[in-house]
Amino acid sequence: MKTILIIDDDKSVRESLKMILEYEHYEVEFAENGEQGLQKTDHQYINAVLLDVKMSGMDGIEVLTKIRQKNEKLPVIMISGHGTIETAVEATKLGAFDFLSKPLDRDKLLVTIRNALQQAKLSEENEKLQESIEGKRQIIGESEKIKAVIAVIKKVAPTDARVMITGENGTGKELIARAIHRSSKRNTKSFVEVNCAAIPSELIESELFGHEKGSFTGATVQRIGKFENADGGTLFLDEVGDMSLQAQAKVLRALEEGKIERVGGNKLISVDVRVLSATNKKLEEEIEKGNFRSDLFHRLNVIPIHAPALREHRDDISILIQTFIDDVCFRNGIAKKIISKNVLDTLIQRDWPGNVRELKNVVERLVILSSSTSIDMDVLEMFSSGMTTEGLDVAGTFQEFKERAEAMFIKKQLEIHKWNVTKAAEAMEIQRSHLYTKMKRYGLMKDGEEGNS
């Protein structure tokens, strides 16, 4: 049962609202003034608040402000017999869900409360979903190098300092940026990512700063850029070393002035953005070549964080592998699989030029192509002997891909065991009859083999 808190200094209003709400099976709590109301929101679980604007002592606007300082998610519905547009606008800016005038219309009141509770429920569900998504974006590792990165993140995240993240491709630079945003005071606002390497140089300015309608051929409507989208939050400039010099000049101006100008526009727009950047290039060398502005580099490189290559923290490979196995099995509805010690040791010894990203892709292939509950050397040898997804048709649905991969795996196992079906079935830990069924399905039966044991 949902609990509604009524904060109103008029007893008759409190009693009439109580009758309406209890008839609709809500629990009702009272507060005669703002101080009492704040105490109840602090010490009791309240689902929504009906808050009078004009009260003796602390008025409703002040109470709303204090509620919002402690709880941004609690739905607050303002009620007033002396409502003005200015008051309603002020309350809305402070985060009120709605503004109702006295005398209250019963049906409108109940609809507003239901909508407020529904929005709070959706917000909570969205937050849980986001936590689930973000949980897969956590920095994983217990090595000294990873601990050092996490320690810097904890120090720099609560500040507004700009951070430059360096490292090879696939080392998790985006994860570091997201971790900084998640632990910052801006975490309730947007995290906006721009991959500077993926955007043509002639479009990067429009992407970052937006454009006005008619500013260039194809600009049929006004577009809001990433700086404005990230207002109040964090802007992550990934692969910033690939940004054009012209765009660099505009970014530098935005950082210096806190203002941007849309392409084709003539109005300066104020933006409050924390900029994080990342690159796999050595920007000092790019500066010497004339490809990157030194003044922008020093603006962005306030706090440097280096994402170590995977070969520099091999101790974390086993933890990463297990995390990736669990994730692949969960996402694809596959029974949990165990990786053999031989395979694990082999993977740990690899240098991983593609770093964590490459490791994740390899683990996913191993999980999908392994027909048994164990990931053994036989599956890994398929890659070592040249069987990789590069030779596998990836067109069609994911189910079709899995079937093609399974057929290749079974064929390889049969070849390894010289087409001894019994031994191949034992190696794959499946029944021989089951293997025969799959061989028939994938056209792997040899002439005269039909029905043989």
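Heads up: the structure comes first, above all this text.
Notes on the structure follow. (Residues numbered from 1 in each chain as written. Predicted model: local features only at pLDDT ≥ 70, side-chain atom pairs only at ≥ 80, totals over all residues. Heavy atoms only, no water.)

### Thoughts on the sheet that holds strand 2 (residues 27-31)
Defined as follows: When DSSP locates at least two bridges between a pair of strands, those strands are taken to pair. Helical segments are the DSSP runs of H or I of at least four residues, strand segments are the runs of E of at least two, and each set is numbered from the N terminus. Axis lines are fitted through C-alpha atoms, for helices just across the contact stretch, and the angle between N-to-C directions can take any value from 0 to 180 degrees. We call two residues contacting when some pair of their heavy atoms lies within 4.5 Å.
Strand order in this open sheet of five strands is 2-1-3-4-5, and the pairing throughout is parallel. Where the open sheet ends on each side, the last strands, each with one partner, are strand 2 and strand 5 (98-101). The mean angle between the axes of side-by-side strands here comes to 20°, regardless of whether they run parallel or antiparallel. Here four bridges tie strand 4 (residues 76-80) to strand 5, and the two strands are oriented parallel to one another. Across the sheet, Ser-80 pairs through a bridge with Ser-101, a residue of strand 5. Packed on one face of the sheet, helix 1 (residues 11-23) meets strand 1 (3-7), strand 2, strand 3 (48-52) and strand 4 and runs near 165° to strand 2.

### Brief notes about the nonpolar core
Applied cut-off: Definition used in this section: a nonpolar core is a set of buried Ala, Val, Leu, Ile, Met, Phe, Trp, Tyr and Cys residues joined via side-chain atoms within 4.5 Å. Residue exposure (1.4 Å probe, protein chains only): buried if accessible area is under 20% of the type maximum, exposed if over 50%, otherwise partly exposed.
By size, the foremost hydrophobic cluster in this structure holds 39 residues, and its most contacted members are Ile-321, Ile-325, Leu-347, Leu-359, Ile-410, Leu-435 and Met-439. With seven residues, the top contributor of residues to this core is helix 13 (residues 317-332). The next biggest cluster of nonpolar side chains, apart from the first, holds 29 residues, and it includes Val-192, Val-240, Val-251 and Leu-300.

### Describing the environment of Arg-114
Locating Arg-114 in the fold gives a position in helix 5 (residues 106-135). Along the backbone, Arg-114 and Asp-326 are 212 residues apart, and their C-alpha atoms lie at a distance of 39 Å.

### Structural notes on the pattern of salt bridges
The criterion, for reference: A pairing counts as a salt bridge when a side-chain nitrogen of Lys or Arg comes within 4 Å of a carboxyl oxygen of Asp or Glu.
As enumerated under the stated definition, the model contains 29 salt bridges in all. When the shortest N-O distance is used, the salt bridge between Arg-14 and Glu-32 registers 3.9 Å. One end of the pair, Arg-14, is in helix 1; the other, Glu-32, is in the loop between strand 2 and helix 2 (34-43), with 18 residues separating them in the sequence. Exposure remark for Glu-32: the relative accessible area of 45% places this residue in the partly exposed category.

### Some thoughts on the environment of Ile-339
By the element assignment, Ile-339 lies in strand 15 (residues 338-339). In this structure Ile-339 comes out as buried when scored by relative accessible area, which is 14%. In the structure, Ile-339 is positioned 108 residues away from Asp-231 in sequence and 45 Å away in space, judged by C-alpha atoms.

### With respect to the packing of aromatic side chains
Test applied: Aromatic pairs are defined between Phe, Tyr and Trp rings, using the six-membered ring for Trp, whenever the two ring centres lie within 6.5 Å; interplanar angles under 30 degrees are classed as stacked, those over 60 as edge-to-face, and all others as tilted. Lysine NZ or arginine CZ positioned within 6 Å of the ring centre and within 35 degrees of the ring normal marks a charge as sitting over the ring.
This model, assessed by the stated rule, comprises two aromatic pairs. Geometrically, the ring pair formed by Phe-209 and Phe-227 is stacked, given 5.3 Å between the ring centres and 15° between the ring planes. You can see Phe-209 sitting in helix 8 (residues 204-209) and its partner Phe-227 sitting in helix 9 (residues 226-229), a full 18 residues away along the chain. You can call Phe-209 buried: its relative accessible area is 2%. Between the NZ or CZ atom of Arg-14 and the centre of the ring of Phe-30, over which it lies, the distance is 5.8 Å. Positioned above the aromatic ring of Trp-352 is the side chain of Arg-350, whose terminal nitrogen or guanidinium carbon lies 4.3 Å from the ring centre.

### Remarks on the sheet that holds strand 13 (residues 274-279)
The five strands lie next to each other as 7-10-13-6-14, forming an open sheet whose pairing is parallel. In this open sheet, the two strands that pair with only one neighbour each are strand 7 (191-195) and strand 14 (303-306). Adjacent strand axes in the sheet meet at a mean angle of 20° when their direction is disregarded. Bridge count between strand 10 (residues 234-238) and strand 13: four bridges; the pairing is parallel.

### A few points about helix 7 (residues 173-182)
Within helix 7, seven of the ten residues are buried, which leaves the element mostly enclosed by the surrounding structure. Turning to helix 7, its buried residues number three or more, namely Lys-173, Ile-176, Ala-177, Arg-178, Ala-179, Ile-180 and His-181.

### Comments concerning the side chain of Glu-286
With respect to the helices and strands, Glu-286 occurs in helix 11 (residues 283-288). The contact partners of Glu-286, leaving out residues within four places of it in the chain, are Lys-281, Asn-291 and Phe-292.

### Some details on the packing of helix 18 (residues 421-428) against helix 19 (residues 432-441)
For clarity, the cut-off: Just so you know how the angles are binned, under 35 degrees is roughly parallel, over 145 roughly antiparallel, 65 to 115 roughly perpendicular, and the rest oblique. Classification convention: Asp, Glu, Lys, Arg as charged; Ala, Val, Leu, Ile, Met, Phe, Trp, Tyr, Cys, Pro as nonpolar; all other residues, Gly among them, as polar.
Contact geometry for helix 18 and helix 19: axes closest at 9 Å, N-to-C directions at 105°. Judged by the angle between their axes, helix 18 and helix 19 are roughly perpendicular. The segment helix 18 lies against helix 19, with Val-421, Thr-422, Ala-424, Ala-425 and Met-428 engaging Arg-432, Leu-435, Tyr-436 and Met-439. Residue composition of the contact of helix 18 with helix 19, by class: seven nonpolar, one polar and one charged.

### Focus: the packing of helix 2 against helix 3 (residues 60-70)
Test applied: By definition, any crossing whose near helix is turned counterclockwise from its far helix by less than a right angle is left-handed, and any crossing with a clockwise turn is right-handed.
Relative to each other, helix 2 and helix 3 sit at 15°, their axes nearing to 10 Å. Between helix 2 and helix 3, the angle falls in the class roughly parallel. With respect to the hand of their crossing, helix 2 and helix 3 are arranged in right-handed fashion. Contacts between helix 2 and helix 3 involve Gly-34, Leu-38, Thr-41 and Asp-42 on the former and, on the latter, Val-63, Lys-66, Ile-67 and Lys-70. Looking at the contact of helix 2 with helix 3 residue by residue, the classes come out as three nonpolar, two polar and three charged.

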